[in-house]
Amino acid sequence: MRITARVDYAVRAAVELAAVAPGALTCDRIATAQNIPSRFLQSILGDLQHARLVTSQRGREGGYRLALPPEEVSIARVMRIEQGFLAEVHGQRPEDVEYPGAAECLAAVWVAAREAYRRVLEEVTLADVVAGKLPGPVAELTALEEAWRSFSEPPGD
């Protein structure tokens, strides 16, 4: 799993907007709250606006706001705006990859990994993150001690 800075910033900006929904925030307020470079954030907000996830309004009451209720926006939806597919292998969808010989079954592993990733990211909404309450199956995964380690330690040590 690799989450780029751009994807991380987009999700964090969307969460900030979800926290004030249906209100609006300026780019500078979001940038300050999340410690995101403002110029970079302007580009990201433009992407979110182009995808119709965010709207903007000029003027004293202006700023950016979510175009949908936070409970209708999954983390996966925001991620796809910035990176396209949730999982890819050399620029291809996992189901489009073919391997010869002994590695033939490897494509199925990539498809299964994508599905596991999708199950978490489609399940969690911006509203869940703002509330600090993750859906049951996701919360169960975060309760696992090994989930918080980057590499598993060898058993029996």
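The structure presented is a predicted model; accordingly, all values stated were derived computationally and were not measured.

Reading guide: rules and limits
Residues numbered from 1 in each chain as written. Predicted model: local features only at pLDDT ≥ 70, side-chain atom pairs only at ≥ 80, totals over all residues. Heavy atoms only, no water. Helix = DSSP H or I, 4+ residues; strand = E, 2+ residues; numbered from the N terminus. Buried < 20%, exposed > 50% of the residue type's maximum accessible area, 1.4 Å probe, protein only. Contact = heavy atoms within 4.5 Å. Areas by Shrake-Rupley, 256 points an atom, 1.4 Å probe, with all protein chains shown as cover. Lys, Arg positive; Asp, Glu negative; His and termini not counted. Charge placed at Lys NZ, Arg CZ, Asp CG, Glu CD. Phe/Tyr/Trp six-rings, centres within 6.5 Å; stacked < 30°, edge-to-face > 60°. 1 Å grid on protein atoms, 1.4 Å probe; cavity = no way out; pocket = protein on both sides within 12 Å on 5 of 7 lines; lining within 4 Å. Points joined across faces, edges and corners; volume = space filled by probe spheres on them. Nonpolar A, V, L, I, M, F, W, Y, C, P; charged D, E, K, R; others polar. Core = buried A, V, L, I, M, F, W, Y, C linked by side-chain atoms within 4.5 Å. Polar contact = N/O pair within 3.5 Å; in protein donor to acceptor, adjacent residues only side chain to side chain. Arc of directions from axis to C-beta. Axes fitted to C-alpha atoms, helices over the stretch in contact; angles between N-to-C directions. Parallel < 35°, antiparallel > 145°, perpendicular 65-115°, else oblique. Left-handed = near helix turned anticlockwise from the far one by under 90°.

With that out of the way, let us pick up the overall build of the protein. The helix and strand tally for the protein stands at seven helices and two strands. Walking the protein from its N terminus toward its C terminus, one meets helices and strands in the order α-α-α-β-β-α-α-α-α. In the protein, buried positions account for 31% of the 157 residues. In the protein, 57% of the contacts between residues at least 6 apart in sequence involve partners at least 24 apart. Accessible surface for the protein amounts to roughly 10,300 Å². Of this, 52% is attributable to carbon and sulfur atoms. Within the protein, one finds 17 positive and 22 negative side-chain charges whose respective centroids are separated by 10 Å.

Under the criterion given, the structure shown has one aromatic pair. A centroid spacing of 5.4 Å and a plane angle of 80° characterise the contact between tyrosine 9 and phenylalanine 40, whose relative ring orientation is edge-to-face. Of this pair, tyrosine 9 sits in helix 1 (residues 5-20) while phenylalanine 40 is found in helix 3 (residues 38-50), placing the two residues 31 residues apart along the sequence. On the basis of relative accessible area, tyrosine 9 is assigned to the buried category, the value being 16%.

Right, let's get into the layout of surface pockets. Each pocket or cavity is described by its volume, and for the largest pocket that value is around 1,200 Å³. In terms of lining, the largest pocket is formed by 31 residues, of which the most central are Met1, Ile3, Tyr117, Val120 and Leu121. Contributing elements (two or more residues each) for the lining of the largest pocket: helix 1, helix 4 (75-83), helix 5 (106-123) and helix 7 (136-142). Sorting elements by how many residues they give to the lining of the largest pocket places helix 5 first, with seven residues. A class-by-class count of the residues in the lining of the largest pocket yields 24 nonpolar, three polar and four charged.

The biggest cluster of nonpolar side chains holds 33 residues, and the ones touching the most others in it are Leu17, Leu41, Leu45, Val78, Met79 and Leu126. Listed by contribution, the elements that provide at least two residues to this core are helix 1, helix 2 (27-34), helix 3, strand 2 (63-66), helix 4 and helix 5. At nine residues, helix 1 tops the list of elements feeding residues into this core. The residues touching leucine 126, leaving out its near neighbours within four places in the chain, are Ala14, Val15, Ala18, Leu66, Pro70, Val73, Ile75 and Val78.

Mapped onto the fold, serine 56 is located in strand 1 (residues 54-57). Here glutamine 49 takes part through its side chain, which lies 2.8 Å from a polar atom of the side chain of serine 56.

Another aspect to go through is the environment of arginine 80. When you line up the elements, arginine 80 lands in helix 4. Residues arginine 80 and alanine 112, spaced 32 residues apart in sequence, show a C-alpha to C-alpha distance of 18 Å. Setting aside its immediate chain neighbours within four residues, arginine 80 contacts Leu86, Arg118 and Glu122.

With that settled, consider helix 4. Spacing of three or four residues puts side chains on the same side of an α-helix, whose turn is 3.6 residues. For helix 4, the full list of buried residues reads Ile75, Ala76, Val78, Met79 and Glu82. All buried residues of helix 4 fall inside an arc of 160° around its axis, so they share one side. Looking at the buried side of helix 4, the elements it contacts are helix 1, helix 3, helix 5 and helix 6 (126-131). Backbone geometry just after helix 4 places glycine 84 at a positive phi near 80°.

Another point: the packing of helix 1 against helix 4. Following both chains from N to C, one finds helix 1 and helix 4 inclined at 135°, their axes separated by 9 Å at the closest point. Judged on the interaxial angle alone, helix 4 and helix 1 are oblique. Note that helix 1 runs across helix 4; the crossing there is right-handed. Across the interface between the two elements, Arg6, Val7, Ala10, Val11 and Ala14 from helix 1 touch Ile75, Val78, Met79, Glu82 and Gln83 from helix 4.

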